[in-house]
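Next come the chains, spelled out residue by residue.
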Amino acid sequence: YTFAYMAKENIKHKRADQYNDPKHNYKKYWDGREYENAAEELAIRRLLKNRSFKHAVDVGGGYGRLCILLEEFAKKVTLAEPSKQQLDIAKEYLADHKRIERELMQADDLKFKDDSVDLVTMVRVMHHLPDPSLEFSEIARILSNDGVFILEIANLAHIRNRIKYMMKGKKIPIDPVDIRSPKNRNKNEIEFVNHNPKKVAKQLAHAGLKVDKVLSVSNLRSPGLKKIAPISAMVTVEKFLQRPLARAHFGPSVFFLVKKA
């Protein structure tokens, strides 16, 4: 064994099986969130436009919501998910997609060889990772030199938060903020944090990764707006907002296109 391998073996991995709990039905969570799903697919298509890959790995991809989209860009797709329940749902959801494999694994212990994956996606996972350093190191390890990593973060610095903090005379925190209710802040509940994009960029750099492109996503997310506006109209507007609002980290979700430094 090399020292690096032994060190990795001695790491105490985070609990990542909370979605085995029947009350966390992630597929049902997306009922009524057609706009958010479309906005995220739009962002991924924009970041991957005109590219093709040998092997795409969707890290923490739940029941495979985005894997079908990744098939458009990759010859082989692997859903790497730590929840057995989600993989069972994925077996049915992805039944007609034979090029998508399902593997039980978590983001801080990916069972792929070094430099073996040329597309990695990790969407709606960061909000469960107050400290993503191990996960970023693993992704940097498996990512090929010419590969790309699409990372989504729940954005602490979105416009409504900036206004809220400004009204209190405070700056947006650098460190992640736990947004769970006090009664849910216990070891049995899933961690749920929002991240400052500037700090995430630095954490990626520490892992040997660099941000190449940024998009502001789900810019129109509003329960009230979704009640009165057609989804198609919202997605059309979203298409024109993702790039112009990226620099300001405007929306509640930020997508990074990341490469090896």
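Our subject is the structure listed above.
Below you will find a few notes about this structure. (Residues numbered from 1 in each chain as written. Predicted model: local features only at pLDDT ≥ 70, side-chain atom pairs only at ≥ 80, totals over all residues. Heavy atoms only, no water.)

On to the nonpolar core. With 31 residues, the main nonpolar core has Ile44, Leu48 and Phe255 as its most contacted residues. It is helix H3 (residues 34–48) that contributes the most residues to this core, six residues altogether. Contacts of Phe255, omitting those with residues within four sequence positions, involve Glu40, Ala43, Ile44, Leu47, Val123, Ile150, Leu151, Glu152, Lys213, Val214, Leu215 and Val217. The next biggest cluster of nonpolar side chains, apart from the first, holds 28 residues, and it includes Ala80, Ala207, Phe256 and Val258. (Core = buried A, V, L, I, M, F, W, Y, C linked by side-chain atoms within 4.5 Å. Buried < 20%, exposed > 50% of the residue type's maximum accessible area, 1.4 Å probe, protein only. Helix = DSSP H or I, 4+ residues; strand = E, 2+ residues; numbered from the N terminus. Contact = heavy atoms within 4.5 Å.)

Let us now look at H3. Across its 15 residues, H3 extends 21 Å between first and last C-alpha, which sits within 8% of the 21 Å expected from 1.5 Å per residue. Of the positions making up H3, those classed as buried are Tyr35, Glu36, Asn37, Ala39, Glu40, Leu42, Ala43, Ile44, Arg46, Leu47 and Leu48. Count one or two residues on from H3 and you reach Asn50, which has phi positive near 65 degrees. (Expected span 1.5 Å × (residues − 1).)

Let us now look at a positive patch on the surface. Positive charge collects at one region of the surface, where Lys49, Arg51, Lys213, Lys239 and Arg243 lie side by side. Looking at the element boundaries, Arg51 is found in the loop between H3 and strand E1 (53–59). Its relative accessible area of 32% is what places Arg51 among the partly exposed residues. (Patch = residues over 30% accessible without salt bridge, like charges linked within 9 Å, V, L, I, M, F, W, Y side chains within 5 Å. Areas by Shrake-Rupley, 256 points an atom, 1.4 Å probe, with all protein chains shown as cover. Salt bridge = Lys/Arg side-chain N within 4 Å of Asp/Glu carboxyl O. Lys, Arg positive; Asp, Glu negative; His and termini not counted. Charge placed at Lys NZ, Arg CZ, Asp CG, Glu CD.)

We now examine the sheet that holds strand E8 (residues 209–217). Judged by pairing direction, the sheet is mixed, and its seven strands sit side by side in the order E3-E2-E1-E4-E5-E9-E8 without closing on themselves. Both outer strands of the open sheet, strand E3 (100–104) and E8, are each paired with one neighbouring strand and no more. The sheet shows a mean angle of 20 degrees between the axes of neighbouring strands, taken without regard to direction. With five bridges connecting them, strand E4 (residues 117–122) and strand E5 (residues 143–154) associate as parallel partners. Across the sheet, Leu119 pairs through a bridge with Val148, a residue of E5. Contacting E5, E8 and strand E9 (253–260), helix H8 (residues 197–206) crosses the sheet at an angle of about 20 degrees to E9. (Pairing = 2+ DSSP bridges. Axes fitted to C-alpha atoms, helices over the stretch in contact; angles between N-to-C directions.)

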